[in-house]
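Results of the structural survey
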Amino acid sequence: MDEVLRQTLLYDFYGELLTEHQREVYEAVVQNDLSYSEAAEEFGVSRQGVHDLVKRSGKILEDYESKLHLVERFLKIRAKAERILELSSHYNEIDAQSFAEQTASLSAQILEEL
């Protein structure tokens, strides 16, 4: 998975668990694409301070994911939902029995993961 997408998902799921200052700096650098120097100037800290805070915040988010696996579960469920959508778009090309079995199986897997 693209690293920027991963960082964004981690932030979406766990960002509220960071302090307000961590969130502000992390958002500025990772989501708003400010350079460390620009963020340092905006927040009145050193470039190294911004770099360290972004690294530390990223590590915190990764630690939450390693314990809770919410992003991993989300991506698995999303892939299954996309497969159901794909099957639905080809409904006329698939026999009804096969369609029913595949969608029921995928739906059951999704429900199990929730």
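The following refers to the structure shown. Predicted, not measured: the structure shown is a model, and the values here were computed from it. (Residues numbered from 1 in each chain as written. Predicted model: local features only at pLDDT ≥ 70, side-chain atom pairs only at ≥ 80, totals over all residues. Heavy atoms only, no water.)

**Quick look at the nonpolar core**
This is how it is decided: To qualify as a nonpolar core, a set must consist of buried Ala, Val, Leu, Ile, Met, Phe, Trp, Tyr and Cys residues joined through side-chain atoms within 4.5 Å. Type-normalised accessible area, obtained with a 1.4 Å probe on protein chains alone, sets the label of each residue: buried when under 20%, exposed when over 50%, and partly exposed for intermediate values. In DSSP terms, a helix is any run of H or I states spanning at least four residues, a strand is any run of E spanning at least two, and both are numbered starting from the N terminus. The criterion used for residue contact is that any of the two residues' heavy atoms lie within 4.5 Å.
Grouped together as the largest cluster of nonpolar side chains are 16 residues, with contacts concentrated most on Tyr26, Val50, Val54 and Leu61. Within the residue set of this core, elements represented by two or more residues are helix H1 (3–14), helix H2 (20–31), helix H3 (36–43) and helix H4 (47–68). Apart from residues no more than four positions distant in its own chain, tyrosine 26 is found in contact with Gln7, Tyr11, Gln31, Val54, Ser57, Gly58 and Leu61.

**Remarks on the side chain of threonine 103**
Note the following rule: Polar contacts here mean pairs of N or O atoms no more than 3.5 Å apart (in protein, one a potential hydrogen donor and the other a potential acceptor; neighbouring residues in sequence count only if both atoms are side-chain atoms).
On the secondary structure map, threonine 103 appears in helix H6 (residues 96–113). Among the residues examined, threonine 103 registers a relative accessible area of 13% and is labelled buried. Here alanine 100 takes part through its backbone oxygen, which lies 3.3 Å from a polar atom of the side chain of threonine 103. Once residues within four sequence positions are removed from consideration, threonine 103 is found in contact with Ile84 and Leu87.

**What to know about H4**
Put simply, the rule is: Here the expected length of a helix is defined as 1.5 Å per residue gap, with one fewer gap than residues. Working note: the arc is built from the helix axis to C-beta atom directions.
Here H4 is 22 residues long and its end C-alpha atoms lie 32 Å apart, about the 32 Å a rise of 1.5 Å per residue gives. Buried within H4 are the following residues: Val50, Leu53, Val54, Ser57, Gly58, Leu61 and Glu65. Along H4, the residues classed as buried sweep out an arc of 130 degrees about the axis, all on the same side. For H4, exposure combined with an orientation more than 90 degrees from the buried face picks out Lys55 and Lys67. In this structure, the buried side of H4 is in contact with H1, H2, H3 and helix H5 (70–89). One or two positions beyond H4, positive phi appears at histidine 69, with a value near 60 degrees.

**Describing a negative patch on the surface**
Condition: By definition, no residue in a patch forms a salt bridge, and every one has over 30% relative accessible area; like charges are joined within 9 Å, nonpolar side chains (Val, Leu, Ile, Met, Phe, Trp, Tyr) within 5 Å. In these tables, accessible area is a Shrake-Rupley quantity obtained with a 1.4 Å probe, and a residue counts as shielded only by the protein chains included in the view. In what follows, salt bridge is the name for a side-chain nitrogen of Lys or Arg lying within 4 Å of a carboxyl oxygen of Asp or Glu. Charged residues are defined here as Lys and Arg on the positive side and Asp and Glu on the negative side; His and the ends of the chain fall outside this count. Where a charge lies is defined by one atom per residue type: Lys uses NZ, Arg uses CZ, Asp uses CG and Glu uses CD.
A cluster of acidic residues, Glu16, Glu20, Glu24, Glu27, Asp33, Glu38, Glu41 and Glu42, forms a negative patch at the surface. For the negative patch, the secondary structure elements donating two or more residues are H2 and H3. Using a relative accessible area of 30% as the deciding quantity, one classes glutamate 27 as partly exposed.

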